[in-house]
Amino acid sequence: MANVRIVTDSTCDLSADLIEKYNIAVIPLCIVMGEESYFDGVETTPDDIYKWADANKTTPKTAAATFDKTEEVLRPIIEAGDDVVFIGISMQMSTTCNVIRMVAEDLDAERVFIVDSQNLSTGIGLQVIKAAELAAAGKSAEEIKEIIESDREKVRASFVVDTLTYLARGGRCNAVTALLANTLKLHPKIVVKDGAMGVDKKYRGTIDGALFKYAKDLHEDLLNAEPARVFITHSGCTEETIGKVKAFLQELNYFEEIHITRAGGVISSHCGPGTLGVLYYSK
């Protein structure tokens, strides 16, 4: 049986340590700032993005992985004789999965298996790690694809946004709505379901208070999660805020692993700083 290599894209928001631990290959998406395009996580950082966005009073555009960069990542894996399972950002949000398909066809690679995560951020990352564990356990590429696709509806991905300014700048919410929400200190909870994002509820007050209420609201669901791991993924929150959410999760005495990861350029471009989510698999 061929070795199975797990490949993902930069929106998975996994830390460098986890990418190295599970030997994951990452294909970067693109961040377009003005006339220049940069590879996410390779040529630009979220902090660079925030500086540019604030200076220009707009948000960067984001684009799918390029054909050339995808080929650069996939070719050596395919030439080594490995099977590939690619798990990427929701096809409702990006054409990246289609780029992978085109490159695989161009390379005459028949053993590239593409999984639409129907998710984003560590909602993808959870699936990527599960796939890597399945590969390490000796599962075939076909088996991994089947298991990940059958379990993806169990991924729980949500996050609370500090400000709607970035979503408004990017055309994902009305400017008047954003102004009103910011004035009233409303922080929407965004939930990913069936590959798309929607508003679930709104928290009022400081972002610290909103995030703690959000975490506490997840209490029952968290105790019905797969206990292997949970992610706290943020786009630039204070250590104090992150620490409060982590302490709450630790007090549950339930999860074997609690990972804190920083969102990459794509997620940060759309949500702006101060966004935080708790992501996990339900049972």
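Residues numbered from 1 in each chain as written. Predicted model: local features only at pLDDT ≥ 70, side-chain atom pairs only at ≥ 80, totals over all residues. Heavy atoms only, no water.

All right, on to the pattern of salt bridges then. Considering all chains together, one arrives at 16 salt bridges under this definition. Taking the shortest distance from any N to any O, the salt bridge between E72 and K69 comes out at 3.3 Å. Highlighted residues: E72 and K69, both in helix α3 (residues 67–79), separated by three residues, approximately one helical turn. On the basis of relative accessible area, K69 is assigned to the buried category, the value being 15%. Put simply, K244 and E240 hold a salt bridge, and the shortest N to O gap is 3.8 Å. Taken as a pair, K244 and E240 lie in helix α11 (residues 239–251) at a separation of four residues, close to a single helical turn. Here the salt bridges do not stand alone but share partners, grouping K130, D151, K154 and E226 into one network. (Salt bridge = Lys/Arg side-chain N within 4 Å of Asp/Glu carboxyl O. Helix = DSSP H or I, 4+ residues; strand = E, 2+ residues; numbered from the N terminus. Buried < 20%, exposed > 50% of the residue type's maximum accessible area, 1.4 Å probe, protein only.)

The N-to-C vectors of helix α5 (residues 122–136) and helix α6 (residues 141–151) enclose an angle of 145°; their axes lie 10 Å apart at closest approach. For the crossing formed where α5 meets α6, the hand is right-handed. Judged by residue contacts, Q127, K130, A131, L134 and A135 of α5 engage I144, I147, I148 and D151 from α6. The residue makeup of the contact of α5 with α6, split by class, is six nonpolar, one polar and two charged. (Axes fitted to C-alpha atoms, helices over the stretch in contact; angles between N-to-C directions. Left-handed = near helix turned anticlockwise from the far one by under 90°. Contact = heavy atoms within 4.5 Å. Nonpolar A, V, L, I, M, F, W, Y, C, P; charged D, E, K, R; others polar.)

Let us now look at the confidence of the model for the protein. Across the protein, the average pLDDT comes to 91, with 92% of residues at or above 70. Long-range and interchain partners of residues 172–184, a stretch whose pLDDT sits below 50, account for 17 contacts in this model, where long-range means more than four residues apart. (pLDDT = per-residue confidence, 0-100.)

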